[in-house]
2 protein chains.
Amino acid sequence: MKLPASTEWVLHCATTLAQLEPGAAASTTQLAQYYDLPAPYLAKQLKTLVRAGLLAATTGPRGGFRLARPASEITLLQIVEAVDGTSSPYECREIRQRGRGALPAEECRRACVLAEKMAEAHEAWRGNLAGTTLADILASLPPSAPARTRQRLAGTT
Amino acid sequence: MKLPASTEWVLHCATTLAQLEPGAAASTTQLAQYYDLPAPYLAKQLKTLVRAGLLAATTGPRGGFRLARPASEITLLQIVEAVDGTSSPYECREIRQRGRGALPAEECRRACVLAEKMAEAHEAWRGNLAGTTLADILASLPPSAPARTRQRLAGTT
């Protein structure tokens, strides 16, 4: 199982936007040059975060993207699921109801115990990622990081 | 992120083999008919479990597959990782070291905090699946299940 490569992009871009001054925004071009990413595809991912309510898009000459709410209210899970969806990596196709071993429908009203266990593991993964916010990530960076991030972002066109 | 469809097959087939009498085996044909699965592709998956040390293959007219060790010593994690590998779904391509925002190498000796958090979530998933054995799955089935499973398996050719 693999998350899309853009997962790394959006996690880093959201972390970068969390380091802007209040009210400031960064454009797709700025973020693409900051991380050397293909701007058109990055733009698509950033718009996905806007649709998920995590980023806000502003227009005008100094327009771009900013966090839609405080960094302490945006979790890694929300960012990851914005680009990859919420479904479990395990897909139960109900093979227990097929073939010579097929269980009768009345024994299959409850989810299969294997599917249940796989869902529990997915919830453990989700719960872990829901426990970390962008504010936690920022708190782990060196104190000098935000100023440097802002300076390098501004230096791009 | 998606696990392969064969994940469901191997979890169910291992659960089925865990219900055999000690020393008994089931063939690929029997298991394929039991779940209505394509035998050649199922055979490939079962061999993967043999290579992982979870199943043993026996030859001869009553040959086939059986668990290579007690059901209490085979976890769901071992079965899932036998077919999908152990790597994290999150791939860190070190974009923090690229573009205008590139961090100097000396600041990147430690893994990126985002990669660390994603790895922690993967470990939460792994830990959860490592906490359930085939014996736990068997204990959750109705008491009549193993006899029925054996009967239906034997009815196949």
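Reference entry: report on the structure contained in this document. Remember, predicted model here, so these are calculated numbers, not experimental data.

## Examining helix α4 (residues 76-84) of chain B
Then comes step 1: Within α4 of chain B, seven of the nine residues are buried, which leaves it mostly tucked inside the rest of the structure.
Then comes step 2: Taken as a whole, α4 of chain B has its buried residues at L76, L77, I79, V80, E81, A82 and V83 of chain B.
Then comes step 3: At its buried positions, α4 of chain B is contacted by α5 (113-130) of chain A together with α1 (6-17), α3 (39-51), α5 (113-130) and α6 (134-139) of chain B.
Then comes step 4: Downstream of α4 of chain B by one or two residues, G85 of chain B has phi in the positive range, about 85°.

## Re the packing of helix α1 (residues 6-17) of chain A against helix α4 (residues 76-84) of chain A
Residue and element names in this part refer to chain A.
Then comes step 1: Where α1 meets α4, the closest approach of the two axes is 9 Å, and the angle between their N-to-C directions is 135°. Judged by the angle between their axes, α1 and α4 are oblique. The way α1 lies across α4 gives a crossing that is right-handed. Contacts from S6, T7, V10, L11 and A14 in α1 reach L76, I79, V80 and V83 in α4.
Then comes step 2: By residue class, the composition of the contact of α1 with α4 is seven nonpolar, two polar and no charged.

## Regarding the nonpolar core
Then comes step 1: In terms of nonpolar packing, the biggest core is built from 88 residues, with W125 and L134 of chain A together with I79, W125 and L134 of chain B touching the most fellow members.
Then comes step 2: Beyond its immediate sequence surroundings of up to four residues, L134 of chain A is in contact with A14, T15, A18, L67, A71, I74, L76 and I79 of chain A.

## Structural notes on the relation of the copies chain B and chain A
Then comes step 1: With an RMSD of 0.0 Å, the fit of chain B onto chain A corresponds to turning through 180° and sliding 0.0 Å along the axis. Overall, the copies show the geometry of a two-fold rotation axis.
Then comes step 2: Interface overlap between copies is the fraction of interface residues in one copy that are interface residues in the other; for chain B against chain A it reaches 100%, indicating a shared surface.

## Remarks on the pairing of strand β2 (residues 64-67) of chain A
Successive residues of a regular strand alternate their side chains across the two faces of the sheet.
Residues and elements named next belong to chain A.
Then comes step 1: With four bridges joining them, strand β1 (residues 55-58) and β2 adopt antiparallel strand pairing. Paired with T58 across the strands is G64, a residue of β2.
Then comes step 2: The antiparallel hairpin formed by β1 and β2 contains five residues in its connecting segment, where G60 sits at a positive phi of about 100°.

## Notes on the side chain of S88 of chain B
Then comes step 1: Here S88 of chain B is to be found in the loop between α4 and α5.
Then comes step 2: Of the residues examined, S88 of chain B reaches a relative accessible area of 19% and is grouped as buried.
Then comes step 3: Looking at S88 of chain B, its side chain comes within polar contact range of the main-chain nitrogen of Y90 of chain B, at 3.1 Å.
Then comes step 4: Dropping the residues within four chain positions of it, S88 of chain B is found in contact with M1 and K2 of chain A together with M118 and H122 of chain B.

## A short note on the interface of chain B and chain A
Then comes step 1: Every contact between the two is made by 57 residues of chain B and, on the other side, 57 residues of chain A.
Then comes step 2: When the two sides are added together, the surface that chain B and chain A hide from each other amounts to roughly 5,300 Å², 59% of it contributed by carbon and sulfur.
Then comes step 3: Contact with chain A buries area across many residues of chain B, yet M1, I95 and R100 of chain B alone supply 17% of it, more than any other trio.
Then comes step 4: Inspection of the region where chain B meets chain A yields two salt bridges.
Then comes step 5: A salt bridge links R148 of chain B to E107 of chain A, with the nearest nitrogen and oxygen atoms 2.7 Å apart.

## Focus on the environment of L77 of chain B
Residues and elements named next belong to chain B.
Then comes step 1: Within the secondary structure, L77 is located in helix α4.
Then comes step 2: Between the C-alpha atoms of L77 and L153, which are 76 residues apart in sequence, the distance is 25 Å.
Then comes step 3: Once you skip the residues sitting within four places of it in the chain, L77 turns out to touch W125, R126, L129 and A130.

## Examining helix α2 (residues 28-35) of chain B
Quick reminder: α-helices carry 3.6 residues per turn. Residues three or four places apart thus point the same way.
Residues and elements named next belong to chain B.
Then comes step 1: The element α2 is largely enclosed, with a buried count of six among its eight residues.
Then comes step 2: Burial in α2 covers these residues: T28, Q30, L31, A32, Y34 and Y35.
Then comes step 3: On its buried face, α2 sits against α1, α3, β2 (64-67) and α7 (145-154).
Then comes step 4: D36, located one to two residues past α2, shows a positive phi value of around 55°.

## Describing the packing of α1 of chain A against helix α3 (residues 39-51) of chain A
All names here are of chain A.
Then comes step 1: Where α1 contacts α3, the axes come no closer than 10 Å and their chain directions differ by 65°. Note that α1 runs across α3; the crossing there is right-handed. The residues of α3 that touch α1, namely those facing S6, W9, V10 and C13, are Y41, L42, Q45, L46 and L49.
Then comes step 2: A class-by-class count of the residues in the contact of α1 with α3 yields seven nonpolar, two polar and no charged.

## Observations regarding the pattern of salt bridges
All names here are of chain A.
Then comes step 1: Counted according to the given criterion, the structure contains 16 salt bridges over all chains.
Then comes step 2: One salt bridge connects E116 with R110, and the closest N-O pair in it is separated by 3.0 Å.
Then comes step 3: Within this structure, E81, E123 and R126 form a network of salt bridges that share partners.

About the cut-offs
- Residues numbered from 1 in each chain as written.
- Chains lettered and ligands numbered in written order.
- Predicted model: local features only at pLDDT ≥ 70, side-chain atom pairs only at ≥ 80, totals over all residues.
- Heavy atoms only, no water.
- Buried < 20%, exposed > 50% of the residue type's maximum accessible area, 1.4 Å probe, protein only.
- Helix = DSSP H or I, 4+ residues; strand = E, 2+ residues; numbered from the N terminus.
- Contact = heavy atoms within 4.5 Å.
- Axes fitted to C-alpha atoms, helices over the stretch in contact; angles between N-to-C directions.
- Parallel < 35°, antiparallel > 145°, perpendicular 65-115°, else oblique.
- Left-handed = near helix turned anticlockwise from the far one by under 90°.
- Nonpolar A, V, L, I, M, F, W, Y, C, P; charged D, E, K, R; others polar.
- Core = buried A, V, L, I, M, F, W, Y, C linked by side-chain atoms within 4.5 Å.
- Least-squares fit on C-alpha atoms with pLDDT ≥ 70 in both.
- Pairing = 2+ DSSP bridges.
- Polar contact = N/O pair within 3.5 Å; in protein donor to acceptor, adjacent residues only side chain to side chain.
- Buried area = accessible area lost by both parts, 1.4 Å probe.
- Salt bridge = Lys/Arg side-chain N within 4 Å of Asp/Glu carboxyl O.

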